[in-house]
Amino acid sequence: MTGEGTRAVHGPAPRPVLQDPVTPAVHRTTTFLFDSAQHTADVFSGAEPGWSYSRVDNPTASGFADAVAALEDRTGVATGQPFASGSAATATVLMALCSAGSHVVAPQQVYGGTWALLTRQLARFGVQTTFVDATDVAAVAAAVRPETALVWAEVLANPSMTVTDLPAVAAVARDAGVPFVVDATFASPVVCRPLEHGADLVLHSATKYLGGHSDATGGVVVGAPDLVARIRSVRLDLGGALAPDEAFLLLRGLQTLPLRVARQCATALELATALAAHPKVLRVDHPGLPDHPGHALASRLFDAGRYGAVITVAPRGGREAGLRLVDGLRLVERATSLGGTHSNAVHVPTTTHKDMDPASLAAAGIDEAAVRISIGLEDAADLVADLEQALSAL
Ligand SMILES: Cc1ncc(COP(=O)(O)O)c(C=O)c1O
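Note that the structure is a prediction, hence the values are computed from the model and not measured.

Overview of the overall build of the protein
In terms of helices and strands, the protein carries 14 helices and 14 strands. Taking 21 Å as the expected radius of gyration for a compact globule of 394 residues, we find that the protein reaches 23 Å, a close match to that expectation. Each principal axis of the C-alpha distribution contributes one length, and for the protein these read about 80 × 50 × 35 Å. Taken across its 394 residues, the protein has 50% of its residues classed as buried. For the protein, restricting intrachain contacts to residue pairs at least 6 apart in sequence, the fraction spanning at least 24 positions comes to 73%. With an accessible surface of roughly 17,700 Å², the protein has 55% of that area assigned to carbon and sulfur atoms.

As structure tokens, this is what we get:
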């Protein structure tokens with residue numbers, strides 16, 4: 001009879017899984033058993049496929065990346081890599097593609113976290129970035145230098161919902177012989193699949209639409225297998241692995257992605273249309289509106305009738321009016337992030353863009369009153385009513 005400690009750790013063998021479960025298993029383990037020392041060596045060397053350590057690869061996390069790859073690439077060629085967050089994915093891609101002395105072309109409208117990675121972190125290692133107006137393809141081309149290592153873009157940029165001409169920017173990157181990396185977080189593959197428009201890598205904060213329930217943090221990168229293999233090897237060194245529990249939640253969320261995003265896009269367009277006609281509204285940014293500068297491009301690149309589910313609305317009355325609009329909301333929640341089932345709102349100049357002074361905000365086309373709303377799954381009529389009551393109180 002072994003001792004209590006041994007029996008506590010090495011209890012009865014787990015019950016066998018006699019049939020395949022309907023849902024993916026959560027492989028909540030950091031390490032995996034080997035049959036022999038030789039088996040261990042063979043898996044470590046790659047001579048035999050196998051799992052070794054969950055920072056390297058985990059079946060649940062890899063399963064999530066495979067599922068996103070299947071949504072992003074309908075030809076079934078692309079592979080994916082899972083990450084602990086969208087930021088971990090971004091940092092890893094940048095570290096994989098850049099070296100000291102490299103140069104990056106990125107949009108002026110880039111997500112603030114990506115801007116910080118480029119300007120605060122990568123810059124310390126001798127990587128320079130030129131930020132250009134991503135809607136000006138000639139400016140993107142003019143920014144390319146011999147040492148340019150990649151061109152970065154976002155499908156839809158925060159908070160003005162700027163639309164990038166993906167095929168045109170892809171052509172610039174192709175001419176320069178460098179990878180074109182597209183952050184598609186605001187779109188999701190239900191709206192636009194950048195690999196179909198010339199991107200080499202597509203990246204997501206899975207924390208947003210892919211998970212879709214505001215309960216899991218993750219990231220993912222999808223692209224051609226050889227390029228993704230390079231990204232994976234840097235992921236192992238940087239350590240931004242996706243946890244199995246988060247991967248399970250993200251996989252569960254993915255099953256309803258098409259349903260959620262289709263409805264969120266339809267509701268967003270309805271709300272944007274109502275807001276654009278409201279007398280207390282100065283400006284509405286949503287590419288579904290015919291007067292948005294990216295409308296024609298979005299109609300060409302995006303799946304029919306889908307323009308994303310984020311709206312930026314500026315009430316008349318400046319900064320104070322924007323803050324009061326947020327405070328007046330009863331159904332839409334005061335919270336950051338996007339892509340969840342609950343609609344939420346933030347006043348842009350005091351939150352996501354708080355580091356920008358009034359002149360920089362104006363240069364970036366962001367009104368001092370701008371309020372960003374992420375549309376959830378509530379009924380459109382209730383959201384319209386909530387915005388109308390909040391606007392009428394201004
Ligand atoms: C466009 C975009 N990319 C990347 C990220 C970073 O993702 P995460 O918060 O999962 O690190 C965000 C987060 O808001 C984002 O909006």
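Next comes the rest of the account.
Comments concerning the sheet that holds strand β10 (residues 281-285)
The strand order β10-β11-β14-β13-β12 describes an open sheet built from 5 strands, whose pairing is mixed. Because the sheet does not close on itself, it has two edges, and the strands there are β10 and β12 (333-334). Here β10 runs beside strand β11 (residues 310-315); their pairing, made up of 4 bridges, is antiparallel. By the bridge assignment, Arg283 is partnered in β11 with Ala314.

Quick word on helix α5 (residues 112-121)
Residues of α5 that are buried: Thr114, Ala116, Leu117 and Leu118. As for α5, its buried residues are in contact with α4 (86-97), β2 (103-107), β3 (128-132) and β4 (148-154).

Quick look at the pairing of strand β7 (residues 180-183)
Alternating residues of β7 divide into Phe180 and Val182 and Val181 and Asp183, and every residue in both groups is buried. Of the strand pairs in this sheet, β7 and strand β8 (residues 201-205) are connected by 3 bridges, and their pairing is parallel. Following the sheet pairing, Asp183 is matched in β8 by Leu203.

Description of the nonpolar core
Soluble globular proteins tend to bury their nonpolar side chains together. Ranked by size, the top nonpolar core spans 76 residues in total, and within it Phe64, Val155, Phe180, Leu275 and Phe302 carry the most contacts. For this core, the element with the highest residue contribution is helix α10 (residues 257-276), accounting for 7 residues. Setting aside its immediate chain neighbours within four residues, Phe64 contacts Ala206, Leu210, Gly219, Val220, Leu242, Ala247, Leu250, Leu251 and Leu254. Ala88, Leu97, Ala106 and Leu227 belong to the second-largest nonpolar core, a separate cluster that totals 27 residues.

Observations concerning the site of the ligand
Around the ligand lies a shell formed by Ser85, Gly86, Ser87, Tyr111, Asp183, Thr185, Phe186, Ser205, Thr207, Lys208 and Gly218. The contact in question runs from an oxygen atom of the ligand to an N or O atom on the side chain of Ser205, over 2.8 Å. Protein chains bury 88% of the 390 Å² of accessible surface belonging to the ligand in isolation. Partitioning the shell around the ligand into residue classes produces 2 nonpolar, 7 polar and 2 charged.

What to know about unusual backbone geometry
Cis rather than trans, the peptide bond between Asn158 and Pro159 has omega equal to -5°. Here Met161, not a glycine, exhibits a phi torsion of approximately 60°, which is positive. Inspection of the secondary structure assignment puts Met161 in the loop between β5 (156-157) and β6 (162-163). For Ser214, which is not glycine, the phi torsion reads 55° and is therefore positive.

Some details on the sheet that holds β7
One open sheet accounts for 7 strands, arranged β1-β9-β8-β7-β4-β2-β3; its pairing is mixed. Strand pairing shows two members of the sheet lacking a second neighbour, β1 (79-83) and β3, which therefore form its edges. Between one strand axis and the next, the sheet turns through 20° on average, direction left out of account. Alignment of β2 against β4, held across 3 bridges, turns out to be parallel. Bridged to His103 within β4 is Thr148. The sheet contacts of helix α7 (residues 166-176) involve β4 and β7, and relative to β7 the element is tilted by about 150°.

Comments concerning the pattern of salt bridges
Side-chain pairing between opposite charges can occur once the charged atoms of the two side chains come close. Summed over all chains, the structure comprises 10 salt bridges. For Asp355, the salt bridge is made with Lys354, and the minimal N-O distance between the two is 3.6 Å. Lys354 matches Asp355 in its accessibility class, with the two residues each being exposed. Counted as one network, the salt bridges with shared partners bring together Asp57, Arg232 and Arg235.

Conventions we followed
Residues numbered from 1 in each chain as written. Predicted model: local features only at pLDDT ≥ 70, side-chain atom pairs only at ≥ 80, totals over all residues. Heavy atoms only, no water. Helix = DSSP H or I, 4+ residues; strand = E, 2+ residues; numbered from the N terminus. Rg over C-alpha atoms; globule rule 2.2 N^0.38 Å. Buried < 20%, exposed > 50% of the residue type's maximum accessible area, 1.4 Å probe, protein only. Contact = heavy atoms within 4.5 Å. Areas by Shrake-Rupley, 256 points an atom, 1.4 Å probe, with all protein chains shown as cover. Pairing = 2+ DSSP bridges. Core = buried A, V, L, I, M, F, W, Y, C linked by side-chain atoms within 4.5 Å. Near = heavy atom within 4 Å. Polar contact = N/O pair within 3.5 Å; in protein donor to acceptor, adjacent residues only side chain to side chain. Nonpolar A, V, L, I, M, F, W, Y, C, P; charged D, E, K, R; others polar. Axes fitted to C-alpha atoms, helices over the stretch in contact; angles between N-to-C directions. Salt bridge = Lys/Arg side-chain N within 4 Å of Asp/Glu carboxyl O.

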